[in-house]
Amino acid sequence: MLPRSYYTEQDIRKRQIDTLKIFNDNVTEIVENTEYKVDFSSNGHNLYLTVILNSEFPNEKPNIFVSPVFPHPWLAENSNQVIGAPGLVNYSPHSDLGRVVQVIIREFQRSAPNIYGHEDKSTDTSPMSHYSNQSLMFPELNELSIDELQEIIENPDLQDKLLETNPQLIELDLETEELMASIEQIAQDNINKQQMLDDLKTQVLDRISTIVQMKMSYERLNRQHQKLSEIYDPHRIRECLKEAALKADEDAEVIAEQFLLGNIPIETFISQFAEKRALGQARRAREERLTHQLAQLDKATI
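Residues numbered from 1 in each chain as written. Predicted model: local features only at pLDDT ≥ 70, side-chain atom pairs only at ≥ 80, totals over all residues. Heavy atoms only, no water.

Caption draft 1: Main features of the packing of helix α8 (residues 234–260) against helix α9 (residues 266–301). For the pair α8 and α9, interaxial distance at closest approach is 8 Å and the crossing angle is 160 degrees. Taken together, the axes of α8 and α9 are roughly antiparallel relative to one another. Here the hand of the crossing between α8 and α9 comes out left-handed. Taken together, the residues that form the contact of α8 with α9 break down as 16 nonpolar, four polar and ten charged. (Axes fitted to C-alpha atoms, helices over the stretch in contact; angles between N-to-C directions. Helix = DSSP H or I, 4+ residues; strand = E, 2+ residues; numbered from the N terminus. Parallel < 35°, antiparallel > 145°, perpendicular 65-115°, else oblique. Left-handed = near helix turned anticlockwise from the far one by under 90°. Nonpolar A, V, L, I, M, F, W, Y, C, P; charged D, E, K, R; others polar.)

Caption draft 2: Examining the packing of helix α5 (residues 146–154) against helix α6 (residues 156–165) more closely. Between α5 and α6, whose axes approach to 5 Å, the crossing angle comes to 95 degrees. Considering their axes alone, α5 and α6 lie roughly perpendicular with respect to each other. Of the residues in α6, those in contact with E151, I152, I153 and E154 of α5 are P156, L158 and Q159. Residue composition of the contact of α5 with α6, by class: four nonpolar, one polar and two charged. (Contact = heavy atoms within 4.5 Å.)

Caption draft 3: Quick peek at the confidence of the model for the protein chain. Chain-level pLDDT for the protein chain is 83 on average; 87% of the residues reach the 70-or-more range. The least confident element of the protein chain, judged by mean pLDDT, is helix α4 (residues 127–137) at 48; the most confident is strand β4 (residues 63–67) at 95. Segment residues 1–5 is flagged for pLDDT under 50; beyond a separation of four residues in sequence, or across chains, it makes eleven contacts in the model. (pLDDT = per-residue confidence, 0-100.)

Caption draft 4: View of the environment of D173. Within the fold, D173 resides in helix α7 (residues 167–231). On the basis of relative accessible area, D173 is assigned to the partly exposed category, the value being 33%. Taking the C-alpha atoms as reference, D173 lies 9.6 Å from D96; in sequence the two are 77 residues apart. (Buried < 20%, exposed > 50% of the residue type's maximum accessible area, 1.4 Å probe, protein only.)

Caption draft 5: View of the pattern of salt bridges. Enumeration over the complete set of coordinates arrives at ten salt bridges. Here D18 makes a salt bridge to K14, at a shortest N to O gap of 3.3 Å. Placement of the pair is D18 and K14 together in helix α1 (residues 9–23), with a separation of four residues, close to one helical turn. Overlapping salt bridges bring together R15, D96, R99 and E177 as one network. (Salt bridge = Lys/Arg side-chain N within 4 Å of Asp/Glu carboxyl O.)

Caption draft 6: Representation of a nonpolar patch on the surface within the structure. Together, V204, L205, I208, V212 and M216 make up a nonpolar patch on the protein surface, roughly 460 Å² of accessible area in all. Secondary-structure assignment places L205 in helix α7. (Patch = residues over 30% accessible without salt bridge, like charges linked within 9 Å, V, L, I, M, F, W, Y side chains within 5 Å. Areas by Shrake-Rupley, 256 points an atom, 1.4 Å probe, with all protein chains shown as cover.)

Caption draft 7: Representation of the side chain of H72. Within the secondary structure, H72 sits in the loop between β4 and β5 (81–82). For H72, a relative accessible area of 10% translates into the label buried. Within polar-contact distance, the side chain of H72 engages the side chain of E107 at 2.9 Å. (Polar contact = N/O pair within 3.5 Å; in protein donor to acceptor, adjacent residues only side chain to side chain.)

Caption draft 8: A look at the side chain of T176. Relative to the helices and strands, T176 is located in helix α7. Note on T176: relative accessible area 3%, which makes it buried. Beyond its immediate stretch of four places on either side in the chain, T176 contacts F23 and D96.

Okay, structure coming up:
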């Protein structure tokens, strides 16, 4: 992992929030980067912690509240604010928010009274009970006197030394560092894959653009094909030949009328009239031949 000095304040704040979600279940973000709700159960009842991170966090300790409220040495008098948890008493920017909250939840699950009735008589909240429970994690406490234990409680430096040398906490620190390193590696892998995803997205967009252009070209060519099909349809050609033959006959009659009226000389009449009559006959012959071919084709397809 990168040295802590390489992280910005925002990076450290985000890392602390990540530990809250890693070490605890049922974490709900109420206000992004500021307020979180952690649900848990105790004595068959549902409780939750409200974790509020002020603008100076993680340089300042978080504010943690429990609901519903119940009597407990870690709670402020006549309040639901958690103030006596060791993780809050000895909080520093190097603490893990997730583990601080985890310890609070475990303590409340272990020793919280029945909040809807009488206290659990089996729960011992005396100072010696706390010493006994702590001795399970810190067996060296069994060898200390009451005065020495009291001195540890009142001296944060001794508490830090005790925490730093505890094998279970050292192992937990190593596991946490490995987990954070794994998370960072996954994040880096995702960043590395982002370029590949961007390249694939660009390729897909390029192919979509090509397909759109090909579709537009196809539609344009298809319209041209339909138009040419209509122009060169045999039945249409036959009709055009028939109309052209009639036009040539009409032109020949106009020439004959002009000749009879004396508007054109005989040489011009003979030349133009013969040309139009020949043209009309030729077109009529082609029209008749095409009509015969179409009739034969229709018979072949029946």
